[in-house]
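The residues making up each chain are set out below.
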Amino acid sequence: MNPTTAAQAIGSETAVHLPAAAPSFAAEPSFAAEPSFAAEPSHLTELPDVTWQQAMKQAVRNPATLCRLLNLPHLETQAVQAAQAFGLFAPLNYIARMRSGDAHDPLLRQVLPLDAETHQTPGFVQDPVGDLQSSLSPGVLHKYKSRVLMVTTGACAVHCRYCFRRHYPYTESPKSPKAWQPALERIAADPEIREVILSGGDPLTLTDPWLAELVARLNEIPTLRRLRIHTRLPVIIPQRIGDELLAWLTAGRLTPLMVMHANHANELQGAAAAAVGRLVDAGVPVLNQAVLLRGVNDSLSALRDLCERLVDLRAMPYYLHQLDRVQGAAHFEVPIAQGLQLMEQLRAELPGYAVPRYVQEIAGRDGKTVLA
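What you are looking at is a predicted structure, and each value in this text was computed from that prediction instead of being measured.

A. Looking closely at the overall build of the protein chain. The helix and strand inventory of the protein chain stands at 13 helices and 10 strands. Per-residue burial for the protein chain yields a buried fraction of 56% across its 372 residues. The contacts of the protein chain with a sequence gap of at least 6 include a subset with a gap of at least 24, amounting to 82%. Just so you have it, the protein chain exposes about 15100 Å², and 52% of that area is on carbon and sulfur atoms.

B. Representation of the packing of aromatic side chains in the model. Under the definition given, this model contains three aromatic pairs. Ring plane angle 20 degrees and centroid distance 4.0 Å describe the contact between Tyr-318 and Tyr-319, whose orientation is recorded as stacked. Across the pair, exposure class does not vary: Tyr-318 and Tyr-319 are buried alike. Lying over the aromatic face of Trp-52, Arg-240 brings its terminal NZ or CZ to 4.3 Å of the ring centre.

C. Looking closely at the confidence of the model for the protein chain. Scored by pLDDT, the protein chain comes out at a mean of 88, with 87% of its residues at no less than 70. Considering only residues more than four positions removed or in separate chains, one finds that residues 1-42, a stretch of pLDDT under 50, has 84 contacts.

D. Examining the side chain of Ser-134 more closely. By the secondary structure assignment, Ser-134 is in the loop between α6 (106-111) and β1 (135-137). Among the polar contacts listed, one links the side chain of Ser-134 to the backbone oxygen of Asp-131, at a separation of 2.9 Å. Excluding its chain neighbours within four sequence positions, the residues that come into contact with Ser-134 are Val-140, Leu-141, His-142 and Lys-143.

E. Up close: empty space enclosed by the protein. The final tally for this structure, using the stated rule, is one cavity of 30 Å³ or more. Contributions of two or more residues to the lining of the largest cavity are made by β7 (286-291), α12 (300-312) and β8 (316-321). Residues that form the lining of the largest cavity fall into these classes: 11 nonpolar, one polar and no charged.

F. Looking closely at the sheet that holds strand β10 (residues 369-370). Sheet architecture is open: 10 strands sit in the order β1-β2-β3-β4-β5-β6-β7-β8-β9-β10, paired in mixed fashion. Edge positions in the open sheet fall to β1 and β10, since each of these has one partner strand only. As paired elements, strand β9 (residues 357-360) and β10 share two bridges and run antiparallel to each other. Across the sheet, the residue bridging to Gln-360 is Thr-369, located in β10.

G. Here's a closer look at unusual backbone geometry. Each neighbour pair has its own omega, and for Gly-200 with Gly-201 the value is 25 degrees, a cis peptide bond. Assignment of secondary structure puts Gly-201 in the loop between β4 (195-199) and α8 (208-219). The phi torsion at Arg-314 lies on the positive side, around 70 degrees, for a residue other than glycine. Relative to the assigned elements, Arg-314 resides in the loop between α12 and β8.

H. Just the pattern of salt bridges, in detail. Summed over the entire model, instances satisfying the criterion amount to 20 salt bridges. We note a salt bridge from Glu-213 to Arg-217, for which the minimum N-O separation is 3.6 Å. Highlighted residues: Glu-213 and Arg-217, both in helix α8, separated by four residues, approximately one helical turn. Look at Glu-213 and you get partly exposed, because its relative accessible area is 32%. The closest approach of N and O atoms between Arg-314 and Asp-281, which form a salt bridge, is 2.9 Å.

I. Expanded view of the side chain of Gln-322. Tracing the sequence through the fold places Gln-322 in the loop between β8 and α13 (336-349). Not counting residues up to four positions away in its chain, the partners in contact with Gln-322 are Leu-292, Glu-333, Val-334, Pro-335, Ile-336, Tyr-358, Val-359, Gln-360 and Leu-371.

J. Quick look at α13. Relative to the 20 Å expected for 14 residues at 1.5 Å per residue, α13 spans 20 Å between its end C-alpha atoms, a close match to the ideal helical length. For α13, the full list of buried residues reads Gly-339, Leu-342, Met-343 and Leu-346. Looking straight down α13, one finds its buried side chains confined to an arc of 100 degrees; they lie on one side. Opposite its buried face, α13 presents the exposed residues Ala-337, Glu-344 and Ala-348, each directed more than 90 degrees away. For α13, the elements touching its buried residues are α12, β8 and β9.

K. Layout of the packing of α8 against helix α10 (residues 243-251). Running from N to C, α8 and α10 point in directions that differ by 5 degrees, and their axes come no closer than 9 Å. When the axis of α8 is compared with that of α10, the two are roughly parallel. Contact with α8, carried on its side by Asp-208, Pro-209, Leu-211, Ala-212 and Val-215, involves Glu-244, Leu-245 and Trp-248 of α10 and no other residues of that element. The residue makeup of the contact of α8 with α10, split by class, is six nonpolar, no polar and two charged.

Calculation rules
Residues numbered from 1 in each chain as written. Predicted model: local features only at pLDDT ≥ 70, side-chain atom pairs only at ≥ 80, totals over all residues. Heavy atoms only, no water. Helix = DSSP H or I, 4+ residues; strand = E, 2+ residues; numbered from the N terminus. Buried < 20%, exposed > 50% of the residue type's maximum accessible area, 1.4 Å probe, protein only. Contact = heavy atoms within 4.5 Å. Areas by Shrake-Rupley, 256 points an atom, 1.4 Å probe, with all protein chains shown as cover. Phe/Tyr/Trp six-rings, centres within 6.5 Å; stacked < 30°, edge-to-face > 60°. Lys NZ or Arg CZ within 6 Å of the ring centre and 35° of its normal. pLDDT = per-residue confidence, 0-100. Polar contact = N/O pair within 3.5 Å; in protein donor to acceptor, adjacent residues only side chain to side chain. 1 Å grid on protein atoms, 1.4 Å probe; cavity = no way out; pocket = protein on both sides within 12 Å on 5 of 7 lines; lining within 4 Å. Points joined across faces, edges and corners; volume = space filled by probe spheres on them. Nonpolar A, V, L, I, M, F, W, Y, C, P; charged D, E, K, R; others polar. Pairing = 2+ DSSP bridges. Salt bridge = Lys/Arg side-chain N within 4 Å of Asp/Glu carboxyl O. Expected span 1.5 Å × (residues − 1). Arc of directions from axis to C-beta. Axes fitted to C-alpha atoms, helices over the stretch in contact; angles between N-to-C directions. Parallel < 35°, antiparallel > 145°, perpendicular 65-115°, else oblique.

This is the structure we're talking about:
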């Protein structure tokens with residue numbers, strides 16, 4: 001199936017508008033009517049000519065549609081049921097990198113709702129990293145001494161099934177750059193805060209004018225030195241890394257850094273690789289944080305390939321996170337003992353600069369706990 005046919009096949013599901021306000025992940029998803037296919041699709045290709053906004057609008061939201069696009073009809077029922085609490089959102093560009101007919105594809109596993117999400121597992125909670133207890137003001141988290149994190153939106157380019165903020169109260173965050181003014185005044189009043197992290201959700205789902213205005217306000221705070229963006233967009237919707245974004249990101253006095261999130265080398269192909277190159281060529285350091293996930297990257301070969309791919313793209317492997325124990329994600333957990341063994345094997349195969357730090361975030365601690 002070619003890209004145009006793929007978009008047409010999804011039909012009314014893609015003809016939606018992005019919400020003006022951040023969605024609540026706890027809200028029940030609204031699924032469009034089942035699309036009809038003339039034939040089961042066997043191959044998808046990326047959509048190079050669409051804008052990033054169009055890619056968001058054309059994302060698959062119906063689990064049954066995703067299963068049919070990838071020839072996995074036997075997974076439809078459980079996927080639809082599991083998505084009732086935390087909806088599916090997967091852009092066509094990302095789906096195109098998945099292997100048709102393979103229920104164990106490492107990219108599919110990151111986005112496909114499964115029955116395991118509905119199981120209640122002791123020790124898995126709604127706020128595993130203590131976001132709510134570290135709130136400085138609405139939308140601003142102050143966990144670490146020299147930096148704060150701004151939860152700019154609840155919207156994402158993809159709904160990762162292991163998301164540690166799947167239960168976060170996004171509706172409480174400010175909704176416009178001007179509405180952030182009280183929070184900016186709190187940041188300016190603390191001279192020890194030298195770095196601001198834009199996160200979410202995903203901050204790059206916001207428009208460039210919106211972000212440019214917010215970043216301009218941050219540039220006016222004399223004690224700030226660095227601006228960090230945490231995002232999945234370069235990986236999921238590479239079209240997002242355009243000239244306008246690079247302009248506001250590099251124009252101010254704050255040193256910009258981009259921390260992207262890729263868990264598998266198969267995510268960093270084609271347009272995604274080019275997007276990383278655009279950032280690096282513009283002088284923006286790119287780091288990657290991954291999560292150790294069962295069935296995705298819990299092998300030496302998967303981690304090695306990911307790290308080598310990142311270095312080849314001039315992005316630095318930054319963190320490998322132990323899974324945050326959020327409700328609904330227990331089936332992704334890899335024992336720490338296995339993670340330590342994988343890290344030892346990784347260090348034996350790669351140069352030091354290509355090996356990420358294996359870390360765990362524990363609520364209430366002043367920094368991430370380094371496991372290896």
